[in-house]
Amino acid sequence: MDPLQIYRDEVKTLSSKALSEIGVSEPSFDVEVPSTEIADFAVPCFPFAKALKKSPMIIASEAAEKISTSELISKVWAENGYLNFQINSGKLANTTLQEIFSTGSDYGKGEKKAGKLLLEHTSVNPTGPIHIGRARNPIIGDTLARCLRACGYDILTEYYVNDVGKQVIILTWGLEHLDKSSEDDVVDKIDHRLVGYYRKANKMMEENPEVAAEIGQMLRKFEDGDKETIEKVRKTAKMMLDGILESLALINVSLDSFMWESTFIENGAAAEVVSKLKASEYCKEENGASYLELESFGIHGRETRFFFTRGDGTTLYTTRDVTYHLNKFSRADRVVNILGEDQKLGQAQLAIALHLLGVERSPECVFYSFVSLPEGKMSTRRGQVVNLDDLIEEAESRAFDEVKKRRSDLSEDKMNEIAKAIGRGAVRYNMLRVQPEKPLVFRWEDALNFEGNSAPFVQYAHARACSILKKADSFNKDIDFSELSDIYETKLIKTLAKFPSVIKEAGEKSRIHLIPLYAHELAASFNLFYTYVPVLKGDNKDARLALVDCTRVVLSNALYLMGLNAPEEM
RNA sequence: GGGCUCGUGGCUUAGCCUGGAUAUAGCACUGGCCUUCUAAGUCAGUGGUCGGGGGUUCGAAUCCCCCCGAGCUCGCCA
């Protein structure tokens, strides 16, 4: 339930009635929330000026006179051509806190929605450790999944494992032929160890034609559907994937399901798609390779052809992706993809191909810009990359120093636990606070910033709330919360009341950066309350403890949506 | 060349979809606040041609057009 909804509705009804009474026929308007804290809700009267031949100021004051305050609305006034409303904050305090107490960790969630939703994210190629550029994908994807779940959707998250193609074959060859007693074996984590073999094998392939021939042979066997080869390659991909998943688990990302690309070669589904696409009137051929001519579908550029077979008839990545999406739509009503911006054209082409195959729906995509380094693009070849594991390690280590500086009273284990929550949280928060379509330049000093708009700021507010509650005795929740009427208390309650509408917009409109924005606002609002309103030694102790407890719950819910842990002390 | 995206104080960023009151925060910088629930906090101050120009409108950061700059993209790669 959204505690603010009844107030919005009431403002709408009252304004509509008053405007009709002063001569506006069928008034059409939106109820606004002013950017400054002049009022809780406002209705601009400028659009009615022409019809009424009166100034907006006069219209607003005439309308204000027609409206009397109610149980929900405590003040109505005209100002600068606006009809302003202040809501009954005592009433809001009671409904909001009671709602939070009765729903707890479910506070803010929406009603169960019908239909299944399949969300694909991450899907990085299993050829090396995940770097921070690629990590934007799971961080966005996992957070969106959490928001959609909170909105009431039945959702399955899936990783599409790319175990087809030359890269994985090279790695597989390397694993079979390279000396494994080399220095690379010293590396503990499997993905970091394997990427060494990949680099070495790649180099050998470039330098030695015999190796290249062997790899080529393996590739051909794979594409012919040789069971033994497919099995071998998939095993390699699985090993690398395990390493990647281990990294993702550190930042609280886990997936429900995995789809292996080779599946569609093995089970003949990709071949079936080929024959169906060939039947399309848009299908053409060049040197034995088939493609769709997409010019009439609004695809622009030098090249409007969408190839789906090679000259030798074998399938392409795009063919398998079409097959995969056919498969997705057979399992779900809505399909959501988290993709790098370089996939935009491909997705547009894919949607057209799906329509030609009779699928009415299209995947809904969230595209994100790439993460670059101050020195430019990330490049594995030039060694210009920051691996997610390294970032996490550095963040944890810096967080540990900070914890040690402040909390020397804690045990080593406890300090470690807190440092992990803060360090890993900082990594996620830092990527979440910027809209996905904005380019992101990775800077260590930003990623490891523990002040201001950061993960620890929110976590710290939560820890402060926990700390007060720990020191307090149990308190009475069956009281009138309208005594919480101080400006800091009222502001905090209004912020708590906003949470359900924030979740709704974040999930329904894929605007997940609203969650960190809100979390920061709530934490800041609580910090002000904390600074100026004494709880344990002040008046209204039960009501204030209740407010602290509710803030703790909502901060914890917001942290959960972002995939951050909520330490009880810091 | 075509298409898509981005451009808001020194840096990062909200607001743009759905036009409306003095444009939101953070970092950095300057100066305050710990005998009172954890100072990862808080207060005050400095700092803005909302890339540029035109248009629509009572009103434009927001909508439309043109231009400039940056990124992505236009493979029988994945």
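Here the structure is shown first, and the text comes after it.
The present account deals with the structure reproduced in this document. (Residues numbered from 1 in each chain as written. Chains lettered and ligands numbered in written order. Predicted model: local features only at pLDDT ≥ 70, side-chain atom pairs only at ≥ 80, totals over all residues. Heavy atoms only, no water.)

Here the focus is the pairing of strand 5 (residues 154–161). Across the 8 residues that make up strand 5, a large majority, 6, are buried. By the bridge criterion, 5 bridges tie strand 4 (residues 116–120) to strand 5 in an arrangement that is parallel. Bridging across to strand 5, Leu118 finds its partner in Leu156. With helix 5 (residues 132–150) bridging strand 4 and its parallel neighbour strand 5, the resulting β-α-β unit is right-handed. (Buried < 20%, exposed > 50% of the residue type's maximum accessible area, 1.4 Å probe, protein only. Helix = DSSP H or I, 4+ residues; strand = E, 2+ residues; numbered from the N terminus. Pairing = 2+ DSSP bridges. Right-handed = clockwise from strand over helix to strand, strands pointing away.)

This part is about the sheet that holds strand 7 (residues 283–286). The strands making up a sheet associate through hydrogen bonds between their backbones, and the pairing can be parallel or antiparallel. Strand order in the open sheet formed by 3 strands is 7-8-9, and the pairing between neighbours is antiparallel. Each edge of the sheet is formed by a strand with only one pairing partner; in this case those strands are strand 7 and strand 9 (305–307). On average, each strand axis in the sheet is inclined to that of its neighbour by 40°, with strand direction left out of account. Bridging between strand 7 and strand 8 (residues 289–293) involves 4 bridges; their strand directions are antiparallel. Residue pairing in the sheet places Cys283 in a bridge with Leu292 of strand 8. Sheet strands touched by helix 13 (residues 344–356): strand 8 and strand 9. Its angle to strand 9, the strand with the most contacts, is close to 75°. (Axes fitted to C-alpha atoms, helices over the stretch in contact; angles between N-to-C directions. Contact = heavy atoms within 4.5 Å.)

Right, let's get into the protein's contact with RNA strand B. Neighbouring residues of RNA strand B: 73 residues in total, closest Tyr82, Arg406, Tyr460, Lys509 and Tyr530. Backbone sugar and phosphate groups make up 59% of those atoms of RNA strand B lying within 4 Å of the protein. Arg302 places a polar side-chain atom, nitrogen or oxygen, 3.3 Å from a base nitrogen of RNA strand B. Taking His513, its side chain carries an N or O atom lying 3.2 Å from a phosphate oxygen of RNA strand B. (Near = heavy atom within 4 Å. Polar contact = N/O pair within 3.5 Å; in protein donor to acceptor, adjacent residues only side chain to side chain.)

Okay, helix 9 (residues 227–250) next. When the terminal C-alpha atoms of helix 9 are compared, their 35 Å separation across 24 residues agrees well with the 34 Å that a helix rising 1.5 Å per residue should span. Within the span of helix 9, buried status applies to Thr229, Ile230, Val233, Arg234, Thr236, Ala237, Met240, Leu241, Gly243, Ile244, Ser247 and Leu248. Residue Asn252 follows helix 9 closely and has a positive phi angle near 60°. (Expected span 1.5 Å × (residues − 1).)

Turning next to the nonpolar core. One finds Leu83, Phe85, Leu119 and Ile132 to be the most contacted residues of the largest nonpolar core, which totals 141 residues. Top element by residues in this core is helix 20 (residues 541–561). It accounts for 12 residues. Once residues lying within four places of it in the same chain are set aside, the contact partners of Ile132 are Val371, Leu373, Met378, Val386, Asn387, Leu388, Leu391, Met431 and Phe442. Membership of the second largest hydrophobic core comes to 17 residues, among which are Leu294, Phe329, Val335 and Val359. (Core = buried A, V, L, I, M, F, W, Y, C linked by side-chain atoms within 4.5 Å.)

Attention now moves to the environment of Ile22. With respect to the element layout, Ile22 can be found in the loop between helix 1 (5–21) and strand 1 (41–44). In this structure the C-alpha to C-alpha distance between Ile22 and Lys66, which are 44 residues apart in sequence, comes to 8.4 Å. With residues near it in sequence (within four places) discarded, Ile22 still touches Leu52, Ile59, Glu62, Ala63 and Lys66.

To continue, consider the side chain of His325. You can see His325 is positioned in helix 12 (residues 317–331). For His325, a relative accessible area of 1% translates into the label buried. Setting aside residues no more than four positions away along its own chain, His325 makes contact with Glu120, Val335, Asn337, Leu350, Leu354 and Pro363.

Quick look at the side chain of Thr157 now. Among the structural elements, Thr157 can be located in strand 5. Look at Thr157 and you get buried, because its relative accessible area is 3%. Setting aside chain neighbours within four positions, we find Thr157 in contact with Leu119, His121, Ala145, Arg149, Ser254, Leu255, Asp256 and Ser257.

Bringing unusual backbone geometry into the picture now. Even without being a glycine, Ser123 presents a positive backbone phi close to 45°. Examined against the element boundaries, Ser123 turns out to sit in the loop between strand 4 and helix 5. A positive phi angle, near 60°, is found at Asn252, a position not held by glycine. Mapped onto the fold, Asn252 is located in the loop between helix 9 and strand 6 (257–260). A relative accessible area of 28% means that Asn252 is categorised as partly exposed.

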